[in-house]
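Summary of the model geometry
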Amino acid sequence: LIWFPGGDQNKLTKALDGTPLPDAVRRRYQAGAVVGGTSAGAAVMSAVMLTGDADLQSITVGATKTAPGFGLWPEVIFDQHFLKRQRHSRLISLVLEHPALVGIGIDERTAGIVSGSRFEVLGEGAVVVFDGRKAAIEARQTGQLSAARNVTMHVLTSGMGFSIRD
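A brief look at the structure comes next. (Residues numbered from 1 in each chain as written. Predicted model: local features only at pLDDT ≥ 70, side-chain atom pairs only at ≥ 80, totals over all residues. Heavy atoms only, no water.)

A short note on the sheet that holds strand 6 (residues 102-106)
Let me state the cut-off plainly: At least two DSSP bridges between two strands are required for those strands to pair. Comment: elements are numbered from the N terminus, with helices defined as DSSP H or I runs of at least four residues and strands as E runs of at least two. Lines fitted to C-alpha atoms define the axes here, with helix axes fitted over just the stretch in contact, and angles between the N-to-C directions of these axes take values from 0 to 180 degrees.
In spatial order, the strands read 5-6-9-12; together these four strands make up an open sheet with mixed pairing. Pairing within the sheet leaves two strands with one partner each, and these edge strands are strand 5 (76-80) and strand 12 (152-157). Sheet twist, expressed as the average angle between the axes of neighbouring strands with direction ignored, equals 20 degrees. Where strand 6 lies against strand 9 (residues 126-131), five bridges are found, and the strand directions are antiparallel. Of the residues in strand 9, the one forming a bridge with I106 is V127.

Right under this line is the structure:
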(Lines give C-alpha, C1' and ligand atoms only; values in the text may rest on other atoms or scores of the structure.)
Protein backbone atom coordinates (compact mmCIF):
# COMPACT_ATOMS: atom_id res chain seq x y z
CA LEU A 1 0.00 0.00 0.00
CA ILE A 2 1.26 3.45 -0.96
CA TRP A 3 -0.68 6.27 0.71
CA PHE A 4 -0.52 10.01 0.06
CA PRO A 5 -1.88 12.14 2.91
CA GLY A 6 -3.80 15.37 2.67
CA GLY A 7 -2.28 18.81 2.91
CA ASP A 8 -1.18 20.81 -0.12
CA GLN A 9 -0.86 19.01 -3.44
CA ASN A 10 1.49 21.71 -4.74
CA LYS A 11 3.92 21.18 -1.85
CA LEU A 12 3.68 17.39 -2.25
CA THR A 13 4.46 17.37 -5.97
CA LYS A 14 7.18 20.02 -5.58
CA ALA A 15 8.85 18.06 -2.75
CA LEU A 16 8.98 14.91 -4.90
CA ASP A 17 9.81 16.60 -8.21
CA GLY A 18 13.19 15.51 -9.52
CA THR A 19 13.32 12.46 -7.27
CA PRO A 20 12.84 8.85 -8.42
CA LEU A 21 9.79 8.43 -6.15
CA PRO A 22 6.99 9.42 -8.61
CA ASP A 23 8.31 6.97 -11.23
CA ALA A 24 8.70 4.26 -8.59
CA VAL A 25 5.10 4.80 -7.43
CA ARG A 26 3.85 4.63 -11.06
CA ARG A 27 5.76 1.39 -11.63
CA ARG A 28 4.41 -0.16 -8.42
CA TYR A 29 0.86 0.94 -9.29
CA GLN A 30 1.14 -0.56 -12.78
CA ALA A 31 2.45 -3.77 -11.18
CA GLY A 32 -0.66 -4.00 -8.99
CA ALA A 33 0.17 -2.10 -5.81
CA VAL A 34 -2.70 -0.33 -4.07
CA VAL A 35 -2.17 3.44 -4.21
CA GLY A 36 -4.46 5.84 -2.41
CA GLY A 37 -4.73 9.27 -0.96
CA THR A 38 -6.96 11.68 0.83
CA SER A 39 -7.58 15.30 -0.13
CA ALA A 40 -4.32 16.55 -1.70
CA GLY A 41 -3.21 12.92 -1.85
CA ALA A 42 -6.10 12.22 -4.22
CA ALA A 43 -5.49 15.36 -6.30
CA VAL A 44 -1.94 14.25 -7.20
CA MET A 45 -3.22 11.04 -8.83
CA SER A 46 -4.19 12.76 -12.10
CA ALA A 47 -1.73 14.00 -14.73
CA VAL A 48 -3.47 17.39 -14.90
CA MET A 49 -3.61 18.43 -11.24
CA LEU A 50 -5.66 21.24 -9.77
CA THR A 51 -3.48 23.69 -7.86
CA GLY A 52 -6.34 25.21 -5.89
CA ASP A 53 -6.25 28.54 -7.74
CA ALA A 54 -9.59 28.94 -9.49
CA ASP A 55 -12.66 31.07 -10.03
CA LEU A 56 -15.37 29.30 -8.04
CA GLN A 57 -18.08 31.72 -9.18
CA SER A 58 -18.04 31.15 -12.95
CA ILE A 59 -17.03 28.71 -15.66
CA THR A 60 -14.28 30.72 -17.32
CA VAL A 61 -11.57 29.73 -19.80
CA GLY A 62 -8.15 29.76 -18.15
CA ALA A 63 -9.40 30.64 -14.66
CA THR A 64 -8.56 27.26 -13.13
CA LYS A 65 -4.83 26.75 -12.65
CA THR A 66 -3.18 23.36 -13.00
CA ALA A 67 0.21 21.75 -12.56
CA PRO A 68 1.57 18.32 -13.45
CA GLY A 69 0.42 15.57 -11.11
CA PHE A 70 1.77 12.03 -10.82
CA GLY A 71 -0.40 10.69 -13.65
CA LEU A 72 -1.39 7.45 -11.96
CA TRP A 73 -4.77 7.70 -13.67
CA PRO A 74 -4.01 10.03 -16.58
CA GLU A 75 -7.53 9.87 -18.08
CA VAL A 76 -9.08 11.90 -15.26
CA ILE A 77 -8.85 15.13 -13.32
CA PHE A 78 -9.53 14.68 -9.60
CA ASP A 79 -11.05 17.32 -7.37
CA GLN A 80 -11.50 16.83 -3.64
CA HIS A 81 -13.90 18.14 -0.95
CA PHE A 82 -16.09 18.61 -3.98
CA LEU A 83 -19.67 19.12 -2.79
CA LYS A 84 -18.86 20.53 0.62
CA ARG A 85 -16.67 23.28 -0.86
CA GLN A 86 -18.80 23.84 -4.00
CA ARG A 87 -16.04 23.25 -6.52
CA HIS A 88 -18.27 22.56 -9.53
CA SER A 89 -17.14 25.59 -11.54
CA ARG A 90 -13.45 24.79 -11.46
CA LEU A 91 -13.87 21.15 -12.45
CA ILE A 92 -16.30 21.90 -15.28
CA SER A 93 -13.94 24.62 -16.51
CA LEU A 94 -11.06 22.15 -16.67
CA VAL A 95 -13.13 19.45 -18.36
CA LEU A 96 -14.10 21.96 -21.07
CA GLU A 97 -10.43 22.93 -21.50
CA HIS A 98 -9.30 19.26 -21.50
CA PRO A 99 -12.25 17.42 -23.08
CA ALA A 100 -10.33 14.15 -23.43
CA LEU A 101 -10.19 13.95 -19.62
CA VAL A 102 -13.06 13.02 -17.31
CA GLY A 103 -13.58 15.22 -14.25
CA ILE A 104 -14.14 13.37 -10.98
CA GLY A 105 -15.21 15.35 -7.91
CA ILE A 106 -14.94 13.34 -4.71
CA ASP A 107 -16.77 14.54 -1.64
CA GLU A 108 -15.59 14.18 1.95
CA ARG A 109 -15.86 10.78 3.67
CA THR A 110 -16.12 9.21 0.21
CA ALA A 111 -13.75 7.15 -1.91
CA GLY A 112 -13.45 5.96 -5.47
CA ILE A 113 -11.88 2.52 -5.66
CA VAL A 114 -10.18 2.25 -9.05
CA SER A 115 -9.61 -1.01 -10.89
CA GLY A 116 -8.38 -0.64 -14.46
CA SER A 117 -10.55 1.99 -16.11
CA ARG A 118 -13.46 1.58 -13.68
CA PHE A 119 -14.11 2.90 -10.20
CA GLU A 120 -16.67 2.13 -7.54
CA VAL A 121 -17.90 4.60 -4.94
CA LEU A 122 -17.72 3.87 -1.22
CA GLY A 123 -18.62 6.08 1.70
CA GLU A 124 -21.17 8.55 2.97
CA GLY A 125 -21.00 11.21 0.25
CA ALA A 126 -21.09 11.30 -3.52
CA VAL A 127 -18.74 11.36 -6.47
CA VAL A 128 -19.69 13.71 -9.30
CA VAL A 129 -18.43 12.92 -12.79
CA PHE A 130 -18.25 15.49 -15.60
CA ASP A 131 -17.66 13.91 -18.99
CA GLY A 132 -17.08 16.24 -21.93
CA ARG A 133 -15.65 13.68 -24.34
CA LYS A 134 -18.76 13.79 -26.56
CA ALA A 135 -19.58 17.45 -25.92
CA ALA A 136 -19.69 20.21 -28.50
CA ILE A 137 -17.37 22.79 -26.95
CA GLU A 138 -17.38 26.34 -28.27
CA ALA A 139 -13.97 27.92 -28.89
CA ARG A 140 -13.45 30.83 -26.48
CA GLN A 141 -10.55 33.07 -25.48
CA THR A 142 -8.91 33.07 -22.05
CA GLY A 143 -11.03 35.04 -19.61
CA GLN A 144 -14.29 34.46 -21.48
CA LEU A 145 -17.09 32.28 -20.19
CA SER A 146 -16.80 28.69 -21.37
CA ALA A 147 -19.63 27.25 -23.45
CA ALA A 148 -20.57 23.70 -24.42
CA ARG A 149 -23.44 21.40 -25.24
CA ASN A 150 -23.95 17.79 -24.18
CA VAL A 151 -21.57 17.60 -21.23
CA THR A 152 -22.63 14.55 -19.26
CA MET A 153 -22.88 14.62 -15.47
CA HIS A 154 -23.22 11.63 -13.16
CA VAL A 155 -23.86 11.75 -9.42
CA LEU A 156 -22.75 8.46 -7.88
CA THR A 157 -23.23 7.22 -4.34
CA SER A 158 -21.93 4.20 -2.44
CA GLY A 159 -22.15 1.00 -4.44
CA MET A 160 -22.39 2.74 -7.82
CA GLY A 161 -19.62 2.59 -10.37
CA PHE A 162 -18.38 4.27 -13.52
CA SER A 163 -16.14 3.11 -16.36
CA ILE A 164 -13.87 5.60 -18.12
CA ARG A 165 -13.56 3.28 -21.12
CA ASP A 166 -16.72 1.51 -22.26
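Alright, that's what it looks like, and here's the rest.
What about the packing of aromatic side chains?
Here a ring pair, both rings aromatic, is described through the centre-centre distance and the interplanar angle of the planes. The test is simple: Classification of ring pairs rests on two measures: the distance between centres of Phe, Tyr or Trp rings, Trp counted by its six-membered ring, which must be within 6.5 Å, and the angle between planes, read as stacked under 30 degrees, edge-to-face over 60 and tilted in between. Categorising residues by exposure relies on relative accessible area from a 1.4 Å probe, with only protein chains included: less than 20% of the type maximum marks a residue as buried, more than 50% marks it as exposed, and the intermediate range marks it as partly exposed.
In the structure shown here, the tally under the stated rule is five aromatic pairs. Judged by centre distance (6.1 Å) and plane angle (65 degrees), the ring pair of F82 and F130 falls under edge-to-face. Highlighted residues: F82 in the loop between strand 5 and helix 4 (88-97) and F130 in strand 9, separated in sequence by 48 residues. One exposure class covers both F82 and F130, and it is buried.

Topic: the environment of R90
For the record, the criterion: Contact between two residues is taken to exist if any of their heavy atoms lie within 4.5 Å; hydrogens are not considered. Pairing of N or O atoms within 3.5 Å defines a polar contact, subject to two protein rules: one partner must be a possible hydrogen donor and the other a possible acceptor, and residues neighboring in sequence count only if both atoms are side-chain atoms.
Relative to the elements of secondary structure, R90 occurs in helix 4. Residue contacts for R90: discarding those within four places in its chain leaves L50, G52, A54, D55, L56, T64, D79 and Q80. A distance of 2.5 Å separates polar atoms of two side chains, one belonging to R90 and the other to D79.

Some remarks on the pairing of strand 9
A regular strand carries its side chains on alternate faces of the sheet. Most of strand 9 sits out of view: six of its six residues are buried. What you see with strand 9 is no split at all: A126, V128 and F130 on one side and V127, V129 and D131 on the other are buried throughout.

Some points on the pattern of salt bridges
What counts is decided by this rule: Just to be clear on terms, a salt bridge is a Lys or Arg side-chain nitrogen sitting within 4 Å of an Asp or Glu carboxyl oxygen.
Applying the stated criterion across every chain, the model contains seven salt bridges. R87 is the salt-bridge partner of D79, the closest N and O atoms lying 4.0 Å from each other. The class of D79 is buried, set by a relative accessible area of 1%. Across the pair D131 and R133 runs a salt bridge, and its minimum N-O distance is 2.7 Å. Among the residues examined, D131 registers a relative accessible area of 11% and is labelled buried.

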